Every structure is written in structure tokens, then in C-alpha cells.
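Examination of the molecular architecture
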Amino acid sequence: IDCWSDNKQRKFKNDFLFGAASAAYQIEGGWDAHGKGESVWDKFIHDKPSRVKDGTTADVACNSYKFYKRDVEMLKELGVDYYRFSISWPRLLPEGLANIRNEIGFDYYENLIDELLKNEIMPMVTLNHFDLPQKLQELGGWMNEDIIDWFEDYAKLVFERFGKKVKYWITFNQPDTVCRYGYETDFFAPGVNQKGTGEYTCAKNILLAHARVWHLYNKEYKQKYKGSVGIAVSLNWFDPLKNNDTEHAEVAERYRQFTFGLYTNPIFSKEGDFPAVVKSIVAKKSKEQGYTKSRLPSLTSEEIKYLRGSADFLGINHYTTVLVKDAKQSTHEAPSCFDDANVESSYGEHWEKSKSEWLRSAPYGLYKACLWLNKNYDYPTIFITENGWSTDAGLVDDSRVRNMRGYLDALLLAIEDGTEVLGYTVWSLMDNFEWTSGYSERFGLYEVDFESDQRTRTARKSALVYKQIIKSRIVEHGWEPKSLDISGK
Ligand code: PNW
């Protein structure tokens, strides 16, 4: 029980939606099957396998390309309302552009969607979850503004084919992660490592690509299909290291703007544009560093208008809380987006540790993040598009259960205080390829045996607990499953 709990029994309303998430590259495998093109992640890892901690690849992963029906069966076992998955752009358009289409790829997603609908599970589809077609990267990827057209062409083909069956769309998963780790550094694909400008240039183009596709849907499909289009942003909470300290509070706020604010301010704030504090700091540092203009590109007044309000909902991928203080003498390489933000981060001493270095359990952060969004963006419509926990392999995952209950409690409080939340999505339905951590960090409600040809999936304890929460719509801390058999057969 959390210290801020008052023992009042809160309940999720009947129309509150529960889901589970995955992403194409992390689960599908079939990396070159039946005409699929190469993605930046295929190339990133094939070129240098040592980039992955355990030396594994996602070439087969969970083999959902073959076993997607089993995935739907699991979703059915859990009793979720929706499944958040992503489409691999290079599986549909092997070279990224609309001139060459891989019909087998379209059929794969059609089959998956039909299987979901047959089981009364709504598809929530992410158009791009990190796996950009490599051919487009060779043309500059997110650094080339032509990509706004390319992304629109891709989205149009997807809406034409699946618009009738899919009501929830997400343009991008964590554009912040793509730009910061893929373009500013070489930690993630495509590993461009352009310090000082990589993140900002990428951010502008990816935001405009998002807005283009929201406008496209709004104009051409909204009336007909009545769906909604949002964006999923990495939105952890940043608290001041020292509470009740004005300087620390300012630093935490600055860091919020340098991380998620860069992406949410242009779309969800009343004034639009990149956050004022980011604009002024980057302009000032750029000048000191001898640049002729700010490393942060400016947005024209038309672009600001075009971006503002260009989402039907805000998807938040929320995992943890980080405590920050000013770095004073920056320890970060300059110029870089890290030097611009200039903070040092740490975690609460007593926060439970997961298997991932960056992930500690601090549910109150979700509550605070929601209140911040309400205050700054006037009660936006929110989906929790990801929340989860990593462990070692093993079916009894009590730490995941604790974490999930804590975050759902926090969410209930945020809702009680007026937050407009449509649904909650667990990351992840099953263990999968955790990017550069390979299979060493398990996020699944279902364990996957990566040694077996069948990639056998088995429910963990947390799967049974989640099933019970969905059914009862309350978070019962003492509840224990009678057995680990979820199938009920
Ligand atoms: C998300 N952080 O990434 C991604 O959307 C998923 O594909 C991924 O598997 C999952 O979370 C677990 O990592 C994140 O440092 C990566 O706070 C890093 C952070 C958060 C989310």
C-alpha cells in the first residue's frame, strides 16, 4: 500500500479500456520474409551484432509473423479490449516509397486485424515504432524534410486498406527516443550521432510528418470511419531532487520541456511551438558556440498553426520517475541536446529496481504527470499507451504485479482528479526483443521461450492478475490466482 493511499476502493468505469502492446520489430521476426525490405534496425544490428548486450537479433524474435493467432488467443485469455501493435513500414513498402508495394505484407496485417475483430478485440495501430525503411535512411531519414511526404504516402495506403477496420491510430511511437538516441547519438538505429542538431532537426520533421497525417485523416477519412489519430510520447515524470527548493523546481520543469515538452508543446499547448525555455537556452548556447543561428530549427507561424491541435489524443508511454538537479559544470559533451538540458539525474533511494537500469517503480509520478498535463494542456484526452516492468525469465513475477497495481492505483487517483484517460496499455503482451538489450530484459505478461521453435508463450502470474483487474475493474492488492493456468481449459 502506498503512503498516499487512503484505503478508499476506486473502480474503473465500464467504458474504460484495457489493452496490451507490442511492436513489429520486437515480435514479428520474418525480417526478410516474402518481400519485406530492410529496416534501420535490421541494418543497425546486422552490421554490428555487438550493439546488442546478449548478442541476439530480432531476425526471428517471437515469430509473430507466423504465430500471430496465438497472440490473439492470449489477448482473448486476458480479456483485453484492444491490442496495440505496430505496422512495419518496410514490410508494406520495402523501399519506403509508395511505388513498390508488398501485397503479402498487407495481407499479414489484414489477417491479424481480422483475427482480432473475430475475437472482439479492437486494433490500435502504430504506424511507425522505430523501424524506418533503410532505403529512406539512405536518403537522410528524419533529417530530410521530404520524409514528410513519404510518411504521408505510406499512411494513406494504410488508411485506404485498413481504415474501415481500425478506429485507433498512433502515428509515431516515442519520436523523442528516435531523435535523441537514433540521430543525436548512436545508441539506437540509425545511429547518426549528429551531436547538437540531430535531435532537433529530427524532431521538427517527425512532428510535421505526424501533423500531416493527422490532417490527412481528419480531411479524408474521419467522417467515413470515425476513428481517431494520436501520437505516443515517452513521458516519464521528472521531479526536483530537492523538494520545496525553487531552483530545483525550475530545473525539473526545464527538463520536462527538454524531453517530452519538445514534442507535446507544439501539439497540445495553447500557444503551440517548441517550448519557450528550450528555444531560449538553445539559441543562447548556439550563439556562444559560434553558430550563426540556433541549432533548434524555428517553426513558421503556419507550421505552428498546423501542428497545434493536431492530435485526437495524447498517448503517454510512462514507466518511471527521475529526480533531477542542475548539472552546473556540464559533464555532457557540447554541443549536444544533453548539454543544452544540462541536468544530473538519480532515483529515489527506496524505489524498487527492475531488470532495466533506467526503470524504477515510482507510481506517484504517473499521478503527477497527469496533473501536469491537465494544468498545462487543459485536460487533454489521454491514453496510457505503455506502462510496464522488466524482470528476469520466470513465471512468478511478483515485482511486475506490485508495479502494475501501484501504477493503476495512481491512475485511478488521477482520473478522480479529473484526468481524461480513455485506456491503459500494458507493455508488453509478451517478452520480446528489447532493442539493444536483446532478450535479457523481459517485459511480458506472457513469458516466451526463445529456445523453442514454437516460441512457446506461457502466462505469468501478472497475466492472471491483469485479467482479474480487467474483470473486476478494481485493484485488489491481496488477490492471488489459484493457479497459473490462464486458459481455463
Ligand atoms: C519503450 N526510458 O522504450 C518502447 O516504446 C518499447 O519499444 C520498449 O520495449 C519499452 O519502452 C521498454 O523499454 C523506452 O529510458 C525506452 O525511460 C527507454 C525509456 C522508456 C521507454
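Above this note sits the structure.
Reading guide: rules and limits
Residues numbered from 1 in each chain as written. Predicted model: local features only at pLDDT ≥ 70, side-chain atom pairs only at ≥ 80, totals over all residues. Heavy atoms only, no water. Salt bridge = Lys/Arg side-chain N within 4 Å of Asp/Glu carboxyl O. Helix = DSSP H or I, 4+ residues; strand = E, 2+ residues; numbered from the N terminus. Buried < 20%, exposed > 50% of the residue type's maximum accessible area, 1.4 Å probe, protein only. Near = heavy atom within 4 Å. Polar contact = N/O pair within 3.5 Å; in protein donor to acceptor, adjacent residues only side chain to side chain. Areas by Shrake-Rupley, 256 points an atom, 1.4 Å probe, with all protein chains shown as cover. Nonpolar A, V, L, I, M, F, W, Y, C, P; charged D, E, K, R; others polar. Core = buried A, V, L, I, M, F, W, Y, C linked by side-chain atoms within 4.5 Å. Expected span 1.5 Å × (residues − 1). Contact = heavy atoms within 4.5 Å.

1. Section: the pattern of salt bridges
- Here the structure, examined in full by the defined rule, presents 42 salt bridges.
- Across the salt bridge formed by Glu110 and Lys165, the nearest N and O atoms sit 2.7 Å from each other. In this pair, Glu110 sits in helix α5 (residues 103–118) while Lys165 sits in the loop between α7 (147–162) and β4 (168–173), placing the two residues 55 residues apart along the sequence.
- Measuring nitrogen to oxygen at the nearest pair gives 3.2 Å for the salt bridge that ties Lys328 to Glu247. Placement of Lys328 in the loop between β8 (321–326) and α14 (337–341) and of Glu247 in helix α11 (residues 246–268) is noted, with a sequence separation of 81 residues between them.
- For Glu247, a relative accessible area of 38% puts it in the partly exposed group.
- Each of the salt bridges in this network shares a partner with another, and the network as a whole consists of Glu103, Asp107, Glu110, Asp114, Arg161 and Lys165.

2. Concerning the site of the ligand
- The immediate surroundings of the ligand are formed by 13 residues, with Gln26, His129, Asn173, Asn236 and Glu434 found nearest.
- Between Asn236 and the ligand, the recorded distance is 2.7 Å, taken from a side-chain N or O atom to an oxygen atom.
- With the chains in place, 89% of the 450 Å² that the ligand exposes on its own is no longer accessible.
- When its residues are assigned to classes, the shell around the ligand shows five nonpolar, six polar and two charged.

3. Structural notes on the nonpolar core
- Formed by 146 residues in total, the largest nonpolar core has its most connected members in Trp41, Trp89, Trp142, Trp169, Tyr424 and Tyr446.
- Tallying contributions element by element places helix α9 (residues 198–220) first for this core, with 12 residues.
- Grouped together as the second largest cluster of nonpolar side chains are eight residues, Leu17, Met124, Tyr168 and Ile170 included.

4. Side note on helix α17 (residues 461–472)
- An ideal rise of 1.5 Å per residue puts 16 Å on 12 residues; α17 measures up with 17 Å between its terminal C-alpha atoms.
- By the criterion of burial, α17 is predominantly enclosed, with nine of the 12 residues buried.
- Within the span of α17, buried status applies to Lys461, Ser462, Ala463, Leu464, Val465, Tyr466, Gln468, Ile469 and Ile470.
- Where α17 is buried, its residues contact β1 (17–21), α3 (64–78), α16 (398–416), β11 (420–427), β12 (446–448) and β13 (457–459).
- Two residues or fewer past α17, Arg473 is found with a positive phi of approximately 65 degrees.

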